[in-house]
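# Examining the three-dimensional arrangement
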Amino acid sequence: MTTDERTDHLDTLAVHAGQEPDPATGAIMTPIYQTSTYVQPAPGEHLGYEYSRTDNPTRTALQQNIAALEGGGYGLAFASGMAATDTLLRLLEPGSHVIVGNDVYGGTYRLFEQVIARTGITFDYVDASNAVAVASAVRPETRMVWLETPTNPLLAVVNLEDIVRRVKGSTSGKYIKIVVDNTFASPYLQQPLRLGADIVMHSTTKYLSGHSDVVGGAVVTDDAEVYERLKFLQNAAGAVPGAFDCWLTLRGIKTLHLRMARHCENAQAVAEFLEGHEAVEQVLYPGLASHRQYELAVRQMRGFGGMVSVIMRGGEAAAREFAARTRLFALAESLGGVESLIEHPYSMTHASTAESEIAVPPGLVRLSVGIEHVDDLIADLAQALAF
Ligand SMILES: Cc1ncc(COP(=O)(O)O)c(C=O)c1O
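Quick summary incoming for the structure in this document.

Here the focus is helix α10 (residues 256-275). End to end, α10 covers 28 Å across 20 residues, agreeing with the expected 28 Å (1.5 Å per residue, within 8%). Here α10 has its buried residues at L256, H257, R259, M260, H263, C264, N266, A267, Q268, V270, A271 and L274.

The tally for this structure, following the rule as stated, stands at eight aromatic pairs. Ring geometry for Y38 and Y49: centres 5.6 Å apart, planes at 35 degrees, overall tilted. In this pair, Y38 is assigned in the loop between α1 (10-16) and α2 (57-69) and Y49 in the loop between α1 and α2, connecting sequence segments 11 residues apart. Between Y285 and F304, the ring centres sit 6.5 Å apart and the planes meet at 75 degrees, which makes this aromatic pair edge-to-face. Within this pair, whereas Y285 is found in the loop between β8 (280-284) and α11 (294-300), its partner F304 is found in the loop between α11 and β9 (307-312), the two being separated by 19 residues in sequence. Among the residues examined, Y285 registers a relative accessible area of 0% and is labelled buried. Among the aromatic residues, ring-to-ring pairing joins F112, F123 and W146 into one connected group. Lying over the aromatic face of Y188, R302 brings its terminal NZ or CZ to 4.2 Å of the ring centre.

The next thing to look at is the side chain of H202. Looking at the secondary structure, you find H202 in strand β6 (residues 199-203). Here H202 falls in the buried class, since its relative accessible area comes to 2%. Within the structure, the side chain of H202 is placed 2.6 Å from the side chain of E70, a separation counted as a polar contact. Apart from the residues within four sequence positions on either side, H202 is in contact with E70, G81, N182, T183, S186, P187, L208, G216, G217 and A218.

About the criteria used
All residue numbers refer to position in the chain's written sequence, counted from 1. The model is predicted, so local features are restricted to residues of pLDDT at least 70 and side-chain atom pairs to those at 80 or more, both for listing and for counting; the totals for chains, interfaces and linings are taken over all residues. Based on all heavy atoms of the structure, the side-chain values leave hydrogens and waters out of the count. In this text, helices come from DSSP runs of H or I with a minimum length of four residues, and strands from runs of E with a minimum of two, each type numbered from the N-terminal end. A helix's residues, less one, multiplied by 1.5 Å, set its expected span. Only protein chains enter the calculation, and the probe is 1.4 Å; a residue is then buried if its accessible area is under 20% of its type maximum, exposed if over 50%, and partly exposed in between. When the centres of two rings from Phe, Tyr and Trp lie within 6.5 Å, Trp using its six-membered ring, the rings pair. Their planes under 30 degrees apart give stacked, over 60 give edge-to-face, and anything left gives tilted. Note on geometry: a ring has a charge over it if NZ (lysine) or CZ (arginine) is within 6 Å of the ring centre and within 35 degrees of the ring normal. We define a polar contact as two N or O atoms separated by no more than 3.5 Å, with the added condition that, inside protein, one atom must be a possible hydrogen donor and the other a possible acceptor, whereas residues neighbouring each other in sequence contribute only through side-chain atom pairs. Residues count as neighbours in contact if any of their non-hydrogen atoms are within 4.5 Å of one another.

Below, the structure is given as structure tokens:
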């Protein structure tokens, strides 16, 4: 898409942003540039590509596409969501302090506590659905606030504008970068940069790719200085995705808007069904009027997403039983693919938080609601709950 054809419509950006017909052949789809290196007419002279750790045209197309979807100036793709997170944390000097929402992906907590903490960076975990608590945790050495919304797996909604206002308004506010892991919502449902965040991070493995066939990560920012440092780190540390993975992700993104609309529709119906079921104590879904931040979700999000969590009346045993009995919902980690998944966070995705200050309830079950026919999904859940 050329710069004079710019649009704000995500549906068009998903299909076109970052992608031009191949100048060499006219191929309408960005080719998989499966090459590690590029010929140089003379030493140091090249067409912008010298080595594929540094840059690769398929990766460039993906980076520009995701940046456009998030409404940001710069995008960078990584080998996984964790690689993106790890690279972001390398922006910080030893002695820095990071405020983290107390409901985050278990792997993020593991990376922070078992890897990054050893480099002299400290982490405080706070309830980010309380913007005052986040702002109160700011210290002179705070350099980053790490947020998810909706959170994983409890699906709390975090008021991004309120947190940005309070944190940036604090005395050390100008040194603090606010990062939002936008994996659960996807840019279709919310664009954190437009709400004042400095950096958006994604596990593109999930809704962006959308087909459970690739692992990847991405970062988007409008801050040129942050971008330059991250671009340096991307090449220096080298946690980059291969060309085929970039191509798969680009291909998935082309239907993001169609998939997300159906994920939201199906998840709403599933949440309403589960809310009325006697085996279920509580349904956590931002699209239910009973959700703690329902009104905020209506204001901040374009839809409520495909993730639904439930707390079972029968505790851990019932949660394990429910997760093991579904047939259409596959028992598996991950989320955001076209197929429905079910999991038990306590023993699966969030096992690394066990016994910690951010441990998840043992009676919790998390559903990634896919795009199948909703009647089949509900019938499957109904039979699985009949024990
Ligand atoms: C919210 C969130 N962030 C980050 C990650 C990590 O991404 P990846 O598995 O692509 O490394 C995940 C993975 O489940 C996730 O759910």
